Amino acid sequence: MPRLEFFVVAESAAIDQVTNQASVFNILEEVRAEDFPFLIPYCVAMSLWRSEPGDADRDWQVILRIAPPGGDPQDFSTNFRFAPTGLRHRVAQRLVGLLVQREGDLRFELLLNGQHIAEHIVTVLRAEAVDIPAEQSRSEGAA
């Protein structure tokens, strides 16, 4: 069975067309929403799998299960095969318009052929108003 080398959820990712190197940008750890429901416009879940002996001739299914706080989980699946000479396979699952109804833990669970492998949790909080220091508000009012 393939071994997971990493799993991360970020705002975006890029794969260099010349070198095939991956970059992830703005790893999601905590999200602050001014109001709910809140829309995360884009995100990507990236995982890297390392082949073990006997894995090359098999079909593997990766399921990304997303469970928003207080909501029903949704599954997004993709299948892959290792190249005959490939030791690794990268899976990038891009998501558009992820709706979050309330504060809490937004769970991204990774399954391989139905077996839980990893989890990435993003904390969703309500954004709090920034207090303006009293001195600044008085000086603005005097102008």
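About the thresholds
- Residues numbered from 1 in each chain as written.
- Predicted model: local features only at pLDDT ≥ 70, side-chain atom pairs only at ≥ 80, totals over all residues.
- Heavy atoms only, no water.
- Helix = DSSP H or I, 4+ residues; strand = E, 2+ residues; numbered from the N terminus.
- Buried < 20%, exposed > 50% of the residue type's maximum accessible area, 1.4 Å probe, protein only.
- Salt bridge = Lys/Arg side-chain N within 4 Å of Asp/Glu carboxyl O.
- Pairing = 2+ DSSP bridges.
- Axes fitted to C-alpha atoms, helices over the stretch in contact; angles between N-to-C directions.
- Core = buried A, V, L, I, M, F, W, Y, C linked by side-chain atoms within 4.5 Å.
- Contact = heavy atoms within 4.5 Å.

1. A closer look at unusual backbone geometry
A cis amide bond links Phe 36 to the next residue, Pro 37, at an omega of 0°. One non-glycine residue, Asn 20, adopts positive backbone phi at about 65°. Within the fold, Asn 20 resides in the loop between β1 (3–15) and β2 (22–27). Look at Asn 20 and you get partly exposed, because its relative accessible area is 47%.

2. Let's talk about the environment of Phe 36
Inspection of the secondary structure puts Phe 36 in the loop between β3 (30–33) and β4 (38–50). With a relative accessible area of 15%, Phe 36 lands in the buried category.

3. Thoughts on the pattern of salt bridges
Inspection of every chain in the model, using the stated rule, returns eight salt bridges. Its salt-bridge partner being Arg 3, residue Glu 52 comes within 3.8 Å of it at the nearest N-O pair. Here Arg 3 lies in strand β1 and Glu 52 lies in the loop between β4 and β5 (60–67), a separation of 49 residues in the sequence. Residue Arg 3 is classed as partly exposed on the basis of its relative accessible area of 44%. The partner of Arg 107 in a salt bridge is Asp 105, and the shortest N-O contact between them spans 3.8 Å. Arg 107 sits in the partly exposed class, given a relative accessible area of 32%. For Asp 105, a relative accessible area of 35% translates into the label partly exposed. One salt-bridge network, held together by shared partners, links Arg 65, Asp 75 and Glu 109.

4. Concerning the sheet that holds β4
In spatial order, the strands read β2-β1-β4-β7; together these four strands make up an open sheet with antiparallel pairing. Both edges of this open sheet fall to β2 and β7 (88–100), since each of them pairs with a single strand only. Strand after strand, the sheet turns through a mean of 40° between neighbouring axes, direction not considered. As defined by bridge partners, β1 adjoins β4 across seven bridges and the pair is classed as antiparallel. Its bridge partner being in β4, Val 8 is matched across the sheet by Met 46.

5. So, the nonpolar core
In terms of nonpolar packing, the biggest core is built from 27 residues, with Phe 7, Trp 49, Phe 80, Leu 106 and Phe 108 touching the most fellow members. If sequence neighbours within four positions are ignored, Leu 106 has contacts with Ile 40, Ile 66, Ala 67, Pro 68, Pro 69, Leu 98, Val 100, His 120, Ile 121, Val 122 and Val 124. With five residues, the next largest nonpolar core counts Ala 10, Ala 13, Val 44 and Met 46 among its residues.

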